[in-house]
Amino acid sequence: WGEPFLHPQFFELLQIAKKAGCMTGTTTNGTLLDREIIEKLVYCELDVIGFSLAGVDQKNDRIRKGTSIKKILECMEEIHRAKQKFVSDTPAIHIAYMLLRSGLDELEKLPEFLSPTGADQTVVSSLSFVASPAMESESILSIGEKGYSELKQRLIHIRDDSAKKGAEVHF
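The structure reproduced in this document is the subject of the present report. (Residues numbered from 1 in each chain as written. Predicted model: local features only at pLDDT ≥ 70, side-chain atom pairs only at ≥ 80, totals over all residues. Heavy atoms only, no water.)

**Details of the sheet that holds strand β1 (residues 25-28)**
Part 1 of the reasoning: The sheet built from five strands is open, its strands ordered β1-β2-β3-β4-β5 with parallel pairing. One side of each edge strand has no neighbouring strand; the edge strands of this open sheet are β1 and β5 (169-170).
Part 2 of the reasoning: Sheet analysis places strand β2 (residues 48-53) next to strand β3 (residues 92-99), joined by six bridges and oriented parallel. Bridge pairing in β3 places G50 opposite H94.
Part 3 of the reasoning: Contacts from helix α4 (residues 69-85) reach β2 and β3, with the element oriented near 165° to β2. (Pairing = 2+ DSSP bridges. Helix = DSSP H or I, 4+ residues; strand = E, 2+ residues; numbered from the N terminus. Contact = heavy atoms within 4.5 Å. Axes fitted to C-alpha atoms, helices over the stretch in contact; angles between N-to-C directions.)

Structure follows, in structure tokens:
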């Protein structure tokens, strides 16, 4: 947990893992990524880079304080450019999408948002650990069996709609 690019030895650790034959991946909020770091990630053959999102627009920025959906999208574009430059298939782009109760109304925007990102995979997950009473209202764990059944149908529709647009979604 935490922001991996704050670690001063990130690339050294990445090289050790790659040399040992490990698949490598990390998840970031994208705020510390720039062209130089992204090119180094591609050059060092990071297998997967994940971006944590909690919305498809500025709502993400309000929920994930200090992040910028615009910056994350720019990072994804830069990764595609670096992969072309180094003729590489990696890193695969993964989106870890946190589904919060306040974001249920925006769920249908996900396929349209994902289409131009070139993300290889998106996983929609729910808040499974509520660390404070203030976050309790964001958990979808208490929506009941009927609510869960309806949500599952919506997610299946979103998965299928995303697939038509070339995006892979799991939940």
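There is more to say after this.
**Focus on the nonpolar core**
Part 1 of the reasoning: With 37 residues, the main nonpolar core has L41 and F51 as its most contacted residues.
Part 2 of the reasoning: In terms of residues, this core owes the most to one element, α4, which gives six residues.
Part 3 of the reasoning: In contact with F51, other than residues within four places in its own chain, are T27, T28, G30, L33, I72, C75, M76, I79, I93, H94, I95 and A96. (Core = buried A, V, L, I, M, F, W, Y, C linked by side-chain atoms within 4.5 Å. Buried < 20%, exposed > 50% of the residue type's maximum accessible area, 1.4 Å probe, protein only.)

**Some words on the packing of helix α1 (residues 10-19) against helix α2 (residues 35-43)**
Part 1 of the reasoning: Where α1 contacts α2, the axes come no closer than 11 Å and their chain directions differ by 10°. Considering the angle they form, α1 stands roughly parallel to α2. Taking contact as the criterion, the partners of F10, F11 and L14 in α1 are, on α2, I37, K40 and L41.
Part 2 of the reasoning: Residues of the contact of α1 with α2, tallied by class, amount to five nonpolar, no polar and one charged. (Parallel < 35°, antiparallel > 145°, perpendicular 65-115°, else oblique. Nonpolar A, V, L, I, M, F, W, Y, C, P; charged D, E, K, R; others polar.)

**Here's the deal with the pattern of salt bridges**
Part 1 of the reasoning: Per the stated rule, a full pass over the model turns up 10 salt bridges.
Part 2 of the reasoning: Note that K165 is salt-bridged to D161, the shortest N-O span being 3.1 Å.
Part 3 of the reasoning: When salt bridges with common partners are traced through the structure, they connect R35, E78 and R81 into a single cluster. (Salt bridge = Lys/Arg side-chain N within 4 Å of Asp/Glu carboxyl O.)

Geometric descriptors of this kind do not, in isolation, establish any biological role.
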